[in-house]
Amino acid sequence: KDAVLNIAYPTNLQTLDPHLTTNQSTRDVSRQIYEQLLTLNENYEVVPSLAESYDVSEDGLAYTFHLREGVKFHNGEELQADDVVASMEKWMLTSTQGKANLAGAKFVEVDPLTVELHIEKASLIVPFVLADTAPFPAIVPKESVESASESGLTEYIGTGPFKLEEWKVDQ
């Protein structure tokens, strides 16, 4: 049986779209719903999260992410490369981190469980940018990206430890 956890947060969230803001309240709540390709461990080292592993090309211009098999979104659908590509393309277009650090970059689906990131100029900070916490590059279903409005996601479906049932704005 699913357990219910009711959380009262002392700040009114402006959005639950982590691509759009560095706001701490959005980050605190969103990180319970969504995950990203890479994350930081307790020693602030970059480690895989939704990616099982990743490789960097010799010239530093291509990153290959091997996705974990069998990861399910809260809606029951399995995480696939096209979800990652859609999420990351949205993040690069809308987040301050994506715009500043990955301008001109492109995510490409190689196969259903493999994604490549192609960048124009080699940079040692790329894994840290992808593992950053705000605005963090959350992975959501491709359909959620497609249904997003100009003000952000309208469906809050992730792979994180908690599924959002209800968001009571201004309460």
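Refer to the structure above for everything that follows.
Residues numbered from 1 in each chain as written. Predicted model: local features only at pLDDT ≥ 70, side-chain atom pairs only at ≥ 80, totals over all residues. Heavy atoms only, no water.

> In this structure, what is going on with the pattern of salt bridges? I would like to understand it.
If you walk through the whole model with that rule in mind, you get four salt bridges. The residue aspartate 17 makes a salt bridge to lysine 90 at a minimum N-O spacing of 2.7 Å. Taken together, the residues span a long stretch of sequence, with aspartate 17 in the segment before helix 1 (24-33) and lysine 90 in helix 2 (residues 81-94) at a distance of 73 residues. We note that aspartate 17, like lysine 90, is buried. Between aspartate 28 and arginine 27 there is a salt bridge, with the nearest N and O atoms lying 3.2 Å from each other. (Salt bridge = Lys/Arg side-chain N within 4 Å of Asp/Glu carboxyl O. Helix = DSSP H or I, 4+ residues; strand = E, 2+ residues; numbered from the N terminus. Buried < 20%, exposed > 50% of the residue type's maximum accessible area, 1.4 Å probe, protein only.)

> Where do I start with the side chain of aspartate 17 in this structure?
By relative accessible area, aspartate 17 is classed as buried at 0%. Within the structure, the side chain of aspartate 17 is placed 2.7 Å from the side chain of lysine 90, a separation counted as a polar contact. A polar side-chain atom of aspartate 17 sits 2.8 Å from the main-chain amide nitrogen of leucine 153. When sequence neighbours within four positions are dropped, the list of residues in contact with aspartate 17 reads Thr26, Lys90, Gly152 and Leu153. (Polar contact = N/O pair within 3.5 Å; in protein donor to acceptor, adjacent residues only side chain to side chain. Contact = heavy atoms within 4.5 Å.)

> Before we go on, may I ask you to explain the pairing of strand 4 (residues 62-67) in this structure?
The side chains of a regular strand alternate between both faces of the sheet. Counting buried positions along strand 4 yields five of six residues, so the element is predominantly enclosed. Of the pairings in the sheet, the one linking strand 3 (residues 51-56) to strand 4 comprises five bridges and is antiparallel in character. Paired with tyrosine 54 across the strands is phenylalanine 65, a residue of strand 4. Once strand 3 ends, the chain turns through five residues before running back antiparallel as strand 4, passing glycine 60 with a positive phi of about 75°. Of the pairings in the sheet, the one linking strand 4 to strand 6 (residues 114-118) comprises five bridges and is antiparallel in character. Directly across from phenylalanine 65, in strand 6, lies its bridge partner valine 115. (Pairing = 2+ DSSP bridges.)

> Looking at this structure, how should I read the packing of aromatic side chains?
Two aromatic rings are characterised by how far apart their centres lie and by the angle between their planes. Overall, the coordinates contain three aromatic pairs when judged by the stated rule. For the ring pair phenylalanine 65 and phenylalanine 107, a centre distance of 6.4 Å and an interplane angle of 25° mean the geometry is stacked. Of this pair, phenylalanine 65 sits in strand 4 while phenylalanine 107 sits in strand 5 (residues 106-111), placing them 42 residues apart in sequence. Phenylalanine 107 matches phenylalanine 65 in its accessibility class, with the two residues each being buried. Summarising the aromatic geometry, the rings of tyrosine 156 and tryptophan 167 are spaced 5.7 Å apart at their centres and angled 80° between planes, so their arrangement reads as edge-to-face. Highlighted residues: tyrosine 156 in the segment after helix 5 (142-146) and tryptophan 167 in the segment after helix 5, separated in sequence by eleven residues. With a relative accessible area of 21%, tyrosine 156 lands in the partly exposed category. Grouping aromatic residues by their ring pairs yields a cluster made of Tyr54, Phe65 and Phe107. The ring of phenylalanine 136 carries the charged tip of arginine 31 above its face, separated from the ring centre by 5.1 Å. (Phe/Tyr/Trp six-rings, centres within 6.5 Å; stacked < 30°, edge-to-face > 60°. Lys NZ or Arg CZ within 6 Å of the ring centre and 35° of its normal.)

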